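# Architecture and fold: a report
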Amino acid sequence: MIRVTIYNEFVHERTEEKVREVYPDGIHMALKSFLEDGDVVVDTVTLDTVNELTEEKLKDTDVLVWWGHMAHNKVPDEVAEHVKEAVQRGMGAIFLHSGHESKPFKKLMGTPCNLTWREDGDYERVWTVNPAHPIAQGIGRFIYLEHEETYGEPFGIPEPDETVFIGGYEGGEVFRSGVCYRRGCGRIFYFQPGHESFPTYKNADVQRVIKNAVCWAAPIYRVENLNCPHVQKP
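Computed from a predicted model, the values in this text were never measured in an experiment.

Time to look at the nonpolar core. Counting residues in hydrophobic clusters, the biggest one holds 37 residues, and the most contacted among them are F165 and F189. If you tally residues by element for this core, the top one is helix α7 (residues 204–217), at seven residues. Excluding its chain neighbours within four sequence positions, the residues that come into contact with F189 are A93, I94, F95, I135, V164, F165, G178, V179, C180, V209, A213 and W216. Formed by 32 residues, the second largest nonpolar core is a distinct cluster that contains V11, L58, Y169 and V179.

The next thing to look at is the layout of surface pockets. Here the largest pocket is characterised by a volume of approximately 180 Å³. What lines the largest pocket is simply H69, H72, S98, H100, E101, N114, L115, W117, E119, E149 and Y151. Elements supplying a minimum of two residues to the lining of the largest pocket: β5 (116–128) and β6 (142–152). Along the lines of polarity and charge, the residues of the lining of the largest pocket split into three nonpolar, five polar and three charged.

What follows deals with helix α3 (residues 27–35). An α-helical turn contains 3.6 residues, so a residue and the one three or four places further along point in the same direction. Those residues of α3 that fall on the buried side of the exposure criterion are I27, H28, A30, L31, F34 and L35. The arc that holds every buried residue of α3, seen down its axis, measures 165°, which confines them to one face.

Let us look at the packing of aromatic side chains. Applying the stated criterion across every chain yields a total of 12 aromatic pairs. Between Y23 and Y201, the aromatic rings sit 6.2 Å apart at their centres with planes inclined by 45°, giving tilted as the arrangement. Here Y23, found in the loop between α2 (17–22) and α3, pairs with Y201, found in the loop between β9 (186–191) and α7; they are 178 residues apart in sequence, far enough to count as distant. Pair check on accessibility: Y23 and Y201 agree, each one buried. Taking 5.8 Å as the distance between ring centres and 35° as the angle between the ring planes, the aromatic pair formed by Y123 and Y144 counts as tilted. Of this pair, Y123 sits in strand β5 while Y144 sits in strand β6, and the two are 21 residues apart along the sequence. The exposure class assigned to Y144 is partly exposed, which follows from its relative accessible area of 40%. Among the aromatic residues, ring-to-ring pairing joins Y7, W66, F95, F105, Y151, F155, F175 and Y190 into one connected group.

So, on to the pairing of strand β1 (residues 2–8). For β1, the tally of buried residues reaches six of seven residues, placing the bulk of the element in the interior. Two elements, β1 and strand β2 (residues 40–46), share seven bridges in a ladder whose sense is parallel. The partner of N8 across the bridge, within β2, is T46. In this sheet, strand β3 (residues 63–67) lies alongside β1 in parallel orientation, the contact comprising five bridges. Bridged to V4 within β3 is V63.

Our focus in this paragraph is the pattern of salt bridges. Going through the model one piece at a time under the given rule, you end up with 18 salt bridges. A salt bridge links R118 to E173; its shortest N-O distance comes to 2.8 Å. Within this pair, whereas R118 is found in strand β5, its partner E173 is found in the loop between β7 (162–169) and β8 (174–183), the two being separated by 55 residues in sequence. Here E162 ties to R182 by a salt bridge, and the two come within 3.6 Å at their closest N and O atoms. Taken together, the positions of E162 in strand β7 and R182 in strand β8 put the pair 20 residues apart, joining distant regions of the chain. When its relative accessible area of 36% is taken as the criterion, R182 is described as partly exposed. Counted as one network, the salt bridges with shared partners bring together R3, D60, D62 and R222.

Let's shift gears to the environment of E85. Mapped onto the fold, E85 is located in helix α5 (residues 77–89). Given a relative accessible area of 22%, E85 falls into the partly exposed group.

Here nine strands make up an open sheet; going across it, the order is β2-β1-β3-β4-β9-β8-β7-β5-β6 and the pairing mixed. Sheet topology places β2 and β6 at the edges, where each strand pairs with a single neighbour. Geometrically, the sheet is characterised by an average inter-axis angle of 25° between neighbouring strands, direction not taken into account. Of the pairings in the sheet, the one linking strand β4 (residues 92–96) to β9 comprises four bridges and is parallel in character. Pairing of F95 across the sheet is with Y190, part of β9. Packing of α3 onto the sheet brings it into contact with β1, β2, β3 and β4, and relative to β2 it is tilted by some 175°. With respect to the sheet, α7 is in contact with β1, β3, β4, β6, β7, β8 and β9, its orientation differing from that of β9 by roughly 165°.

Criteria and thresholds
- In this convention, every chain numbers its residues from 1, walking through the sequence in written order.
- Selection of residues for local features in this predicted model requires a pLDDT of at least 70, selection of side-chain atom pairs for listing and counting requires 80 or more, and totals for whole chains, interfaces and linings are taken over all residues.
- To obtain the side-chain values, all non-hydrogen atoms of the structure were included, while hydrogens and water were left out.
- Residues belong to a common nonpolar core when they are buried Ala, Val, Leu, Ile, Met, Phe, Trp, Tyr or Cys residues joined through side-chain atoms within 4.5 Å.
- Three exposure classes are used, based on accessible area relative to the maximum for each residue type with a 1.4 Å probe and protein chains only: buried under 20%, partly exposed in between, and exposed over 50%.
- The way it works is that DSSP assigns letters per residue, a run of H or I at least four long becomes a helix, a run of E at least two long becomes a strand, and they are numbered from the N terminus.
- Any pair of residues with heavy atoms lying within 4.5 Å of one another is described as a contacting pair.
- Lining residues are those with an atom within 4 Å of a point, where the points come from a 1 Å grid over the protein atoms alone and group into cavities, where a 1.4 Å probe fits but cannot get out, or pockets, open sets with protein on both sides within 12 Å along at least five of seven lines.
- Grid points are joined across faces, edges and corners, and a volume is the space filled by probe spheres set on the points.
- Residue polarity follows a fixed list, in which Ala, Val, Leu, Ile, Met, Phe, Trp, Tyr, Cys and Pro are nonpolar, Asp, Glu, Lys and Arg are charged, and the others, Gly among them, are polar.
- Summarising the geometry, the arc corresponds to the directions from the helix axis toward the C-beta atoms.
- By convention, a stacked pair of Phe, Tyr or Trp rings (six-membered ring in the case of Trp) has centres within 6.5 Å and planes under 30 degrees apart, an edge-to-face pair has planes over 60 apart, and any other such pair is tilted.
- Two strands qualify as a pair provided that DSSP identifies no fewer than 2 bridges between them.
- Each salt bridge in this description consists of a side-chain nitrogen of Lys or Arg and a carboxyl oxygen of Asp or Glu lying within 4 Å of one another.
- Inter-axis angles, ranging from 0 to 180 degrees, are taken between N-to-C directions of lines fitted to C-alpha atoms, where helices are fitted over the stretch in contact.

Here's what the structure looks like:
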């Protein structure tokens, strides 16, 4: 059993009609609808309840899925620190779309995580560049998305441990759209598609990637103490 916690701001869906039409119950509920099955249990947290992401809550979470956009600064620093330490202890984390600007992601990367962007509704092909990776299983040469927000390089992240997908857009931009990291005992996957105005999370291939990522990021080993313990000579 994999225990997943989804964090979604749940702001756009309540303030913008065009977003509400796409995700009437919120992006978190759209993600939950395809992630939850007999092997995965899902809990959700929004900006209104973000303080529920305590150390204890994260100890009971195998994989944290994070979607944020317009309210990154409203997430308490204490919560971001809890997430960073939970990943270092072994919890998996998946950051979606604008999650590259979130406090926890930046703490884990140690870089500004800046990129170039434009919102013209261009098509995107998410090319599979590492087809042998577990996250890419069941995905063909590319995922075609009729409309997406355009992200472009340079992307101010550390060199990924593994690059699984590269996005190519109608305007010619390219972007490292699916990358993996390990921090301490935890695994991290960043996945770019998922602008709130488009039904990206209703795409079967996008759903498969996120499902695969949850399985890949689930803990293999967790530690309780991040300090250096004093041990006796064997």
